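Observations on the model geometry
Letter by letter, the chains look like this.
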Amino acid sequence: MYHSKKGLITTIAASNEKEINYALEGSVFVGGAVMQWLRDGLRMIKNAPESIEYALKVKDTNGIYLVPAFTGLGAPYWDPYAKGTVVGLTRGTSKEHFVRAALESIAYQTNDVIQAMLEDTNINLSCLKVDGGASANNFLMQFQSDISNCFVYRPEIIETTALGAAYLAGLAVNFWKSKEEIKNNWLLNQEFKPVMKIEQRAKLLEGWSKAVRFALMWKDI
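These numbers come from a predicted model, not from an experiment.

1. Points about the overall build of the protein
A count of helical and extended segments in the protein gives seven helices and seven strands. When the helices and strands of the protein are listed from N to C terminus, the series reads β-β-α-α-β-β-α-β-α-β-α-α-β-α. Taken over C-alpha atoms, the radius of gyration comes to 19 Å for the protein, in line with the 17 Å a tight globule of 221 residues would show. Over its C-alpha atoms, taken along the principal directions, the protein stretches across nearly 60 × 35 × 35 Å.

Written out as structure tokens, the structure reads:
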């Protein structure tokens, strides 16, 4: 079992009666749920796909960052007292900027976990395979690729949790003979390639880091 030094969790992964597999996990408290907040709480959007339309109406967030620390911040910060924070607001801030900042916050938090994993394991990241409802958002996937500077691969079937349970059941009854056979079932739906300039990426990540510090400072003010 591996013990993380960067605030990550060692968890039991898909296993069977003959072997126990472990995974390194980074827990983000509010990721895709920030879209539900925009829809149900603020009523800024009618549905999650509409967020793409708003995000693409502007070239960037106009300098605002949203840190959705509604229940504190998870990995790699682990601060239950952090509070949701919006920084960089100006008179020119629009709903489009706000929605885009909310979408980008998902990618920033994911990148925080990715960087913690890279520092923890010294593994070179070749690509990021994504799944779940948020992965259907093309804008988010492209921004994730840009901000993490890696290829992002989205599979044909994005509901991987349910698929994994089905695969384990199939292995148990010998429907599939091996894990290698299952791996061959993976099909690529779309590839996202990083196109953001290094200077722009560094500037955006610096802004995100500052915004997170404000969220973490709340309890000390």
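2. What to know about the sheet that holds strand β5 (residues 127-129)
Pairing within the open sheet is mixed, and its three strands lie in the order β5-β6-β7. In the strand order of this sheet, the two ends are held by β5 and β7 (188-192), each with one partner. Direction aside, the axes of adjacent strands within the sheet are offset by 20° on average. Summarising the sheet, β5 and strand β6 (residues 151-155) pair through three bridges and their orientation is parallel. What sits directly across from K129, in β6, is Y153. Lying on the sheet, helix α4 (residues 138-148) is in contact with β5, β6 and β7; it crosses β6 at an angle near 145°.

3. Some details on the UniProt feature "domain: Carbohydrate kinase FGGY C-terminal" (unreviewed entry) in the protein
The sites that UniProt annotates as "domain: Carbohydrate kinase FGGY C-terminal" (unreviewed entry) are residues 4-172. Here residues 4-172 is 39% helix and 13% strand, with 31 Å between the C-alpha atoms at its ends.

4. Things to note about helix α5 (residues 160-172)
Here α5 is 13 residues long and its end C-alpha atoms lie 18 Å apart, about the 18 Å a rise of 1.5 Å per residue gives. Of the residues trailing α5, N174 is marked for its positive phi of about 65°.

Basis of the calculations
- Starting from 1, residues in each chain are numbered consecutively following that chain's sequence as written.
- Per-residue local features are limited, in this predicted model, to residues with pLDDT of at least 70; the limit for side-chain atom pairs, both in listing and counting, is 80 or more; totals at the level of whole chains, interfaces and linings are taken over all residues.
- Side-chain metrics rest on all non-hydrogen atoms present in the structure, leaving aside hydrogens and water.
- In this text, helices come from DSSP runs of H or I with a minimum length of four residues, and strands from runs of E with a minimum of two, each type numbered from the N-terminal end.
- Here the globule rule reads 2.2 Å times residues to the power 0.38, and the radius of gyration is calculated from C-alpha atoms.
- Strand pairing follows a simple DSSP-based rule, namely that at least 2 bridges must link the two strands.
- As a rule, the C-alpha atoms of each element are fitted with a line to give its axis, helices using only the stretch in contact, and angles between N-to-C directions run from 0 to 180 degrees.
- Note on contacts: a residue pair qualifies if any of its non-hydrogen atoms lie within 4.5 Å across the two residues.
- UniProt positions are given in the numbering used here, feature names are shortened, and annotations may be inferred rather than shown by experiment.
- Helix span is expected to be 1.5 Å times the residue number reduced by one.

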